[in-house]
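Examination of the molecular architecture
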Amino acid sequence: MNYYSLNKQAPNSSFKDAVVKGIAPDKGLYFPEQITPLPKAFFDNIDHLTHTEIAFEAIKQFVSPEIPDAVLKTIVEETLSFEFPVVNLNENISTLELFHGPTMAFKDVGARFMARCLGYFNKNNNREVTVLVATSGDTGGAVANGFLGVKGVNVVILYPSGKVSDIQEMQLTTLGQNIKALEVNGTFDDCQDMVKTAFLDEELTSQMQLTSANSINVARWLPQLFYFMFAYKQLHKKHKNIVFSVPSGNFGNICAGMMAQKLGLPINHFVASNNANNVVTRYLISQLYEPKPSIQTISNAMDVGAPSNFIRIQEIYKNNFESLKENLTSYSYSDEETKAAMLEMYTNYNYVADPHGAVGYLGCKDYLKNNPSAHCVFLETAHPTKFLDVVEDVIKEKQPLPEQIQAVMGKDKVSVVISTYNELKSFLLK
């Protein structure tokens, strides 16, 4: 499979080069040249397939021939070493829990898959690769864990100071080894801008090999389509009109779901559930795409004012606004509405949700008002104890800490504070 830049001003690239480069020379995101739907029999017989078999068939066309089938099967199996349960709340609403991995966030899937692909590509390469990544919360921990100890790979994570939860910060600042954390005086958008600037800095890239582990990287983004298929496998016998409500920040997750749909997965509709950072919600009303500075909220992983992956969504729909709007609805919610939803789920269903999942739940409720025959699945993207102060304040109950969270508690935080791109560049060159 070859990939082209969405800016259309760069040569096409192999999967390997797209992964290693992260972003095209013309600043564009890479997109696969073609998407070949899987045969109908694949979905008809999905009940008889394991998670590894489903994921292997779904991703194979995007990585072949550069990763042999036997190696790809191992990568997929190692990536998916945890469960993806669907929990029913009521007749019309379920949640897909994506927090059972090592860092208890949905990004474990993409980070583990990418780390293993890069490890394979780098096994006979003496030149070190530096993974440069910006995080608004969970990406940093997932990438740090996924790449920890990978041969020939250094990881540098930028995160906005004071704008990630305490546990999220511990997960990306306490591992050591080949993982370095840079605490940025600014917002996630500032971190993301620095990362993009670094990729285009020829003085920097001539001296080191940089790649990204944000969802702009195809190896981080595409594997997220797996768990939409896993949810379908669990639900399709009982529910025919399946809709996904996806808490959305950089829009990589919902975009991956749309790729699963392009592969033939029978999904009826998507809901992009936003917090106060609602550029896409506004776009679907006005048809004007106007990125704005991000706003800090309790669902911090979605605090993105300029979502990188939305251009991929537009490409999927050939930049046809009406076609996109037929398949995508978007709503936006305040922190107070989010807290009320968390309390409602706990009171009515004895379900403890994190703030991001609560935003997804609200998207389900609003969509169902006009589509009562649908079954709406919201993605619970992170374990609630990663946002312990908010969760316990809302439901007024102490929450036990899972093993994955206990493992980072009490460790020493190690980070370097920076404010400007020049400080980042200096750090990298050293």
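Fair warning: this is a prediction, and the values are worked out from it, not measured in the lab.

A few words on the nonpolar core. Ranked by size, the top nonpolar core spans 102 residues in total, and within it Phe15, Phe147, Leu225, Tyr227, Phe228, Met229 and Phe244 carry the most contacts. Those residues within four positions of Leu225 in sequence are excluded, and the remaining contacts are Ala58, Phe62, Ala256, Met259, Ala260 and Leu263. Core analysis: the next-biggest nonpolar cluster, separate from the first, contains 34 residues, Ala341, Leu362, Cys376 and Phe387 among them.

Further remarks concern the pairing of strand β7 (residues 153–160). When you tally the buried positions in β7, you get seven out of eight residues, the bulk of the element. With six bridges joining them, strand β6 (residues 129–134) and β7 adopt parallel strand pairing. Directly across from Thr130, in β7, lies its bridge partner Asn154. Pairing geometry for β7 and strand β8 (residues 179–184), over six bridges, is parallel. Each bridged residue has a counterpart across the sheet, and for Tyr159 the counterpart in β8 is Glu183. Each parallel crossover has a hand, and for β7 linked through helix α7 (residues 166–173) to β8 it is right-handed.

Under the UniProt annotation, "domain: Threonine synthase N-terminal" (unreviewed entry) lies at residues 2–79. Strand forms 12% of residues 2–79 and helix 46%; the C-alpha atoms that close the span are 23 Å apart.

So, about the sheet that holds strand β3 (residues 30–32). The strands making up a sheet associate through backbone hydrogen bonding, with each pair oriented either parallel or antiparallel. An order of β2-β1-β3 is seen for the three strands of this open sheet, with the pairing classed as antiparallel. Each of the sheet's edge strands pairs with one partner strand only, and the pair in question is β2 (13–14) and β3.

Moving on, we get to the packing of aromatic side chains. According to the stated counting rule, one finds 21 aromatic pairs in the structure shown. Between Phe31 and Trp221, the ring centres sit 6.1 Å apart and the planes meet at 35 degrees, which makes this aromatic pair tilted. In this pair, Phe31 is assigned in strand β3 and Trp221 in helix α10 (residues 218–221), connecting sequence segments 190 residues apart. Across the pair, Trp221 and Phe31 agree in class, each one buried. The interplanar angle of 90 degrees and the centroid separation of 5.0 Å between the aromatic rings of Phe42 and Phe43 together place this pair among those described as edge-to-face. On the basis of relative accessibility, which here comes to 10%, the residue Phe42 falls in the buried class. Through a chain of ring-to-ring contacts, the aromatic side chains of Phe82, Phe84, Tyr227, Phe228, Phe230, Phe244 and Phe270 assemble into a single cluster. Above the plane of the ring of Phe56 lies Lys73, whose end atom (NZ or CZ) is 5.0 Å from the centre. Its guanidinium or amino end placed over the ring of Trp221, Arg312 lies 4.2 Å from that ring's centre, counting from NZ or CZ.

Moving on, we get to the packing of helix α3 (residues 51–63) against helix α4 (residues 69–79). Each pair of packed helices gets described by two things: the angle between the helix axes and the distance between those axes. Where α3 contacts α4, the two axes come as close as 10 Å, and the packing angle between them is 125 degrees. For the element pair α3 / α4, the angle class is oblique. Crossing geometry of α3 relative to α4 is assigned as right-handed. Every residue of α4 that contacts α3 at Thr52, Ala55, Phe56, Ile59, Lys60 and Val63 is listed here: Asp69, Leu72, Lys73, Val76 and Glu77.

With seven of eight residues buried, α7 is to be regarded as a mostly interior element. Listing the buried residues of α7 in full gives Ile167, Gln168, Glu169, Met170, Gln171, Leu172 and Thr173. For α7, the secondary structure elements touched by its buried residues are α6 (138–147), β7, β8 and α19 (403–406).

A few words on the pattern of salt bridges. Counted according to the given criterion, the structure contains 14 salt bridges. Its salt-bridge partner being Lys8, residue Glu315 comes within 4.0 Å of it at the nearest N-O pair. On the criterion of sequence distance, the pair formed by Glu315 in helix α14 (residues 310–316) and Lys8 in the loop between β1 (2–5) and β2 is long-range, its members being 307 residues apart. One salt bridge connects Glu57 with Lys60, and the closest N-O pair in it is separated by 3.7 Å. Within this pair, Glu57 and its partner Lys60 are both found in helix α3, separated by three residues, close to a single helical turn. Where salt bridges share partners, they join Glu169, Glu183 and Lys413 into one cluster.

Here the focus is the sheet that holds strand β14 (residues 416–418). Taken together, five strands build an open sheet; the order of strands is β9-β6-β7-β8-β14 and the sheet is parallel. Two strands bound the open sheet, and with one partner strand each, they are β9 (209–212) and β14. With strand direction ignored, the average angle separating the axes of adjacent strands in the sheet is 30 degrees. Two strands pair when backbone bridges link them, and β8 and β14 are joined in this way by three bridges, in the parallel orientation.

The subject of this paragraph is the UniProt feature "domain: Tryptophan synthase beta chain-like PALP" (unreviewed entry) in the chain. When the UniProt feature table is mapped onto this chain numbering, "domain: Tryptophan synthase beta chain-like PALP" (unreviewed entry) sits at residues 97–366. Its end C-alpha atoms 21 Å apart, residues 97–366 is made of 46% helix and 16% strand.

On to the packing of helix α5 (residues 107–121) against α6, then. Here α5 crosses α6 at 35 degrees, and the two axes come no closer than 8 Å. The interaxial crossing formed by α5 with α6 has right-handed handedness. Counting all contacts with α5, which are made through Lys107, Asp108, Ala111, Met114, Ala115, Arg116 and Leu118, the residues of α6 involved are Asp138, Thr139, Ala142, Val143, Gly146 and Phe147.

So, about the environment of Leu225. For Leu225, the position within the fold is in the loop between α10 and α11 (226–235). Of the residues examined, Leu225 reaches a relative accessible area of 0% and is grouped as buried. Between the alpha carbons of Leu225 and Cys191 there is a distance of 26 Å; along the sequence they are 34 residues apart.

Conventions we followed
Residues numbered from 1 in each chain as written. Predicted model: local features only at pLDDT ≥ 70, side-chain atom pairs only at ≥ 80, totals over all residues. Heavy atoms only, no water. Core = buried A, V, L, I, M, F, W, Y, C linked by side-chain atoms within 4.5 Å. Buried < 20%, exposed > 50% of the residue type's maximum accessible area, 1.4 Å probe, protein only. Contact = heavy atoms within 4.5 Å. Helix = DSSP H or I, 4+ residues; strand = E, 2+ residues; numbered from the N terminus. Pairing = 2+ DSSP bridges. Right-handed = clockwise from strand over helix to strand, strands pointing away. UniProt positions renumbered as here; feature names shortened; annotations may be inferred. Phe/Tyr/Trp six-rings, centres within 6.5 Å; stacked < 30°, edge-to-face > 60°. Lys NZ or Arg CZ within 6 Å of the ring centre and 35° of its normal. Axes fitted to C-alpha atoms, helices over the stretch in contact; angles between N-to-C directions. Parallel < 35°, antiparallel > 145°, perpendicular 65-115°, else oblique. Left-handed = near helix turned anticlockwise from the far one by under 90°. Salt bridge = Lys/Arg side-chain N within 4 Å of Asp/Glu carboxyl O.

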